[in-house]
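Coordinates in review
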Amino acid sequence: MAVRIGHYPDSRSENKGTEPEGVEFGLYGSRRFLFVGTERSSFVAVYEIPPIGDPIFKQVLPGGSGPEGLLAIPSRNLFVTASENDARGDVLRSALTIYELGGTSDYPTIVSTNRSDRTPIPWSALSGLSSDPVDPNIVWTVSDSYYAEGRIYKMDVSSKPAVILDEMVVRDKRGNTMTTDLEGIAARQGGGFWLASEGSGSCSATDCDAVNTKNLLFRVDAFGVVQETVMLPAEVNAIQRNNGFEGVAVTGSGSDEVLYVAFQREWNLADPSGWTRIGRYTVATGEWAFFYYPLDAVTSPNGGWIGLSELTSLGGGRFAVIERDNQGNIDAAVKKLYTFNVSRVTPQSASELVTDPTDPAFPALTKTLARDILPDLEAPKGLVIEKVEGLTVLRNGDTLIVTDNDGVDDSTGETQLIHLGPVF
């Protein structure tokens with residue numbers, strides 16, 4: 001069950017797995033309910049107990065991290081959990097979560113179907129979305145570095161919950177798996193995908209010690225096999241820090257194919273505070289050029305930073321991004337969708353900036369607020385999830401966002417796939 005709904009804590013496999021930690025029973029009128037809390041998966045499984053026979057599974061309830069205290073209050077038609085984990089720095093707060101009997105279940109928002117061996121497709125830590133160019137009901141998504149091996153998932157979003165139908169492990173042409181940090185996916189016209197893998201480095205405001213992993217773009221075929229790998233220019237790699245690629249979008253096809261990538265935050269040796277990069281890569285020529293994108297100011301009471309976490313093409317030179325802070329719960333302040341247009345702005349090569357990193361001169365983009373999505377993250381009435389990582393627009397105009405649950409490690413495990421309607 002935990003695997004199917006994306007709540008399985010893989011790092012606990014050698015210990016107690018989901019670790020059921022509490023059980024509660026409640027008699028609600030003539031209906032008898034059993035509640036089982038999973039400390040490490042952070043959900044409660046609800047069963048109805050018939051007069052004769054086995055318990056009947058009813059639903060799962062998301063909540064805070066580590067729901068150890070369970071309390072049925074049948075006289076008020078309520079059930080309450082107390083979650084024990086509280087670490088503000090990890091964007092976790094302990095919480096009392098109150099549930100009322102009645103209505104319809106709206107969680108989980110994503111489930112997986114079975115593999116051929118009848119076990120559910122494992123998924124978690126979703127970090128990007130891309131609508132299919134042909135099928136209006138299909139969306140493609142990827143998992144990030146938590147599982148090391150990058151995976152592409154095929155998801156049917158025509159029903160609720162959405163259903164993950166298939167998985168592909170990203171491999172090289174020899175069939176070897178690859179250690180990646182997939183943070184973006186863009187489905188190509190004619191098949192296959194472009195994937196963005198975020199790199200990490202240790203550049204500070206004054207020096208660079210090492211580049212741990214590079215920011216990479218992978219062109220993969222319809223089976224997830226890498227056909228081409230694209231790196232940033234050497235002068236950009238030389239000043240790499242963490243918070244690199246956080247989304248990829250593709251425009252055109254064939255000889256007119258062009259890629260755009262969003263960098264999460266500024267790279268301190270070259271970029272002024274409050275500005276991050278949008279990169280443009282022309283596939284036919286192999287040329288890189290860059291824009292500057294202005295980030296909002298930090299307004300969370302807990303401080304932190306602001307960055308981008310997705311990029312998608314809207315057509316006609318228009319793009320949409322997710323701009324967010326790294327805060328959750330009552331500390332969350334900036335969770336927004338912005339648009340910008342590159343049609344009348346000419347990007348610039350990075351080469352001349354290396355000679356004087358104190359005087360960067362990439363052309364600036366103008367952004368327009370499309371939607372504040374903080375109310376949408378608050379709408380489920382649980383803890384506000386920090387990482388909104390995926391954004392795409394279906395052919396019918398419906399905009400989708402998805403959150404990243406960090407592989408259920410230092411997380412509530414909750415994933416919200418939210419239909420926003422025609423935002424753009």
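See the structure printed just above.
What comes next is a walk through the structure. (Residues numbered from 1 in each chain as written. Predicted model: local features only at pLDDT ≥ 70, side-chain atom pairs only at ≥ 80, totals over all residues. Heavy atoms only, no water.)

Attention shifts here to the overall build of the chain. Each helix and strand in the chain was counted, giving 2 helices and 29 strands. Since a compact globule built from 424 residues should have a radius of gyration of about 22 Å, the 22 Å found for the chain is in line with a globular shape. With the principal axes as the frame, the chain shows a C-alpha extent of 75 × 45 × 40 Å. Residues counted as buried form 54% of the 424 residues belonging to the chain. Taking all contacts inside the chain whose residues are at least 6 apart in sequence as the whole, residues at least 24 apart take part in 54%. Here the chain has roughly 18,100 Å² of accessible surface; of this, 48% comes from carbon and sulfur atoms. Taking the average place of the 35 positive charges on the side chains of the chain and the average place of its 56 negative ones, the gap between the two points comes to 4 Å. (Helix = DSSP H or I, 4+ residues; strand = E, 2+ residues; numbered from the N terminus. Rg over C-alpha atoms; globule rule 2.2 N^0.38 Å. Buried < 20%, exposed > 50% of the residue type's maximum accessible area, 1.4 Å probe, protein only. Contact = heavy atoms within 4.5 Å. Areas by Shrake-Rupley, 256 points an atom, 1.4 Å probe, with all protein chains shown as cover. Lys, Arg positive; Asp, Glu negative; His and termini not counted. Charge placed at Lys NZ, Arg CZ, Asp CG, Glu CD.)

One pass over the structure, following the stated rule, counts 20 aromatic pairs. With 4.8 Å between their ring centres and 85° between their planes, Tyr146 and Tyr147 make a pair best called edge-to-face. When its relative accessible area of 23% is taken as the criterion, Tyr147 is described as partly exposed. One aromatic cluster is present, formed by Phe245, Phe263, Trp267, Trp275, Tyr281, Trp288, Phe290, Tyr292 and Phe362 through successive ring pairs. When the ring centre of Phe290 is taken as reference, the NZ or CZ atom of Arg277 above it lies at 5.3 Å. (Phe/Tyr/Trp six-rings, centres within 6.5 Å; stacked < 30°, edge-to-face > 60°. Lys NZ or Arg CZ within 6 Å of the ring centre and 35° of its normal.)

In this section: the pairing of strand 27 (residues 388-393). Within strand 27, 5 of the 6 residues are buried, leaving the element largely enclosed by the surrounding structure. Alignment of strand 27 against strand 28 (residues 399-403), held across 5 bridges, turns out to be antiparallel. Each residue of the ladder has a partner; that of Val388, found in strand 28, is Thr403. Counting the residues in the hairpin turn of strand 27 and strand 28 gives 5 residues, including Gly397, whose phi is positive at 95°. (Pairing = 2+ DSSP bridges.)

With 23 residues, the main nonpolar core has Trp194, Leu217, Leu232, Phe245, Trp288 and Phe290 as its most contacted residues. Broken down by secondary-structure element, the contributors of at least two residues to this core are strand 14 (193-197), strand 19 (245-251), strand 20 (258-263) and strand 22 (287-294). Beyond its immediate stretch of four places on either side in the chain, Trp288 contacts Leu217, Val230, Met231, Leu232, Pro233, Phe245, Val261, Gly279, Arg280, Tyr281 and Ser349. Judged by nonpolar contacts, the second largest core, of 18 residues, contains Ala249, Tyr260, Val321 and Val342. (Core = buried A, V, L, I, M, F, W, Y, C linked by side-chain atoms within 4.5 Å.)

Another point: the environment of Ser159. Mapped onto the elements, Ser159 comes out in the loop between strand 11 (151-156) and strand 12 (162-169). Given a relative accessible area of 33%, Ser159 falls into the partly exposed group. Between the alpha carbons of Ser159 and Thr109 there is a distance of 9.6 Å; along the sequence they are 50 residues apart.

In this section: the pattern of salt bridges. In the structure shown here, the tally under the stated rule is 20 salt bridges. Arg88 serves as the salt-bridge partner of Asp331, at 2.8 Å between the closest nitrogen and oxygen. Residue Asp331 is found in the loop between strand 24 (318-325) and strand 25 (335-341), and its partner Arg88 is found in the loop between strand 6 (78-83) and strand 7 (95-100); the two are separated by 243 residues along the sequence. Looking at Asp331, the relative accessible area reads 5%, which means it is buried. Among the residues examined, Arg88 registers a relative accessible area of 36% and is labelled partly exposed. Two residues, Arg151 and Glu167, come together in a salt bridge whose shortest N-O distance is 3.4 Å. (Salt bridge = Lys/Arg side-chain N within 4 Å of Asp/Glu carboxyl O.)

To continue, consider the sheet that holds strand 23 (residues 306-315). Strands sit in the order 23-24-25-26 across an open sheet of 4 strands; the sheet is antiparallel. Across the chains shown, the open sheet's two edge strands, defined by having one partner strand only, are strand 23 and strand 26 (367-372). Pairwise comparison of adjacent strand axes, ignoring direction, gives a mean angle of 25° for this sheet. Bridging between strand 23 and strand 24 involves 8 bridges; their strand directions are antiparallel. Within strand 24, the residue paired with Glu310 across the bridge is Ile322. (Axes fitted to C-alpha atoms, helices over the stretch in contact; angles between N-to-C directions.)

This part takes up the environment of Trp305. By secondary structure assignment, the location of Trp305 is in the loop between strand 22 and strand 23. Along the primary structure Trp305 and Gly66 are separated by 239 residues, whereas in three dimensions their C-alpha atoms are 27 Å apart. What Trp305 contacts, discounting residues up to four positions off in sequence, is Gln264, Arg265, Val298, Arg324, Asp325 and Asn326.

With that out of the way, let us pick up the side chain of Thr180. Checked against the element boundaries, Thr180 lands in the loop between strand 12 and strand 13 (182-187). Accessibility expressed as a relative area gives 5% for Thr180, which makes it buried. For Thr180, the side chain forms a polar contact with the main-chain nitrogen of Gly150, separated by 3.3 Å. Other than its neighbours up to four places away in sequence, Thr180 contacts Asp144, Ser145, Ala148, Glu149, Gly150, Ser197 and Phe218. (Polar contact = N/O pair within 3.5 Å; in protein donor to acceptor, adjacent residues only side chain to side chain.)

Moving on, we get to the sheet that holds strand 13. Read from one edge of the open sheet, 4 strands run 13-14-17-18, paired in antiparallel fashion. With partners counted over all chains shown, the strands left at the sheet margins are strand 13 and strand 18 (226-231), one partner each. Each adjacent strand pair in this sheet contributes to an overall mean axis angle of 20°, direction not counted.

It is worth stressing that arrangement in space is one thing and function is another; only the former is reported here.
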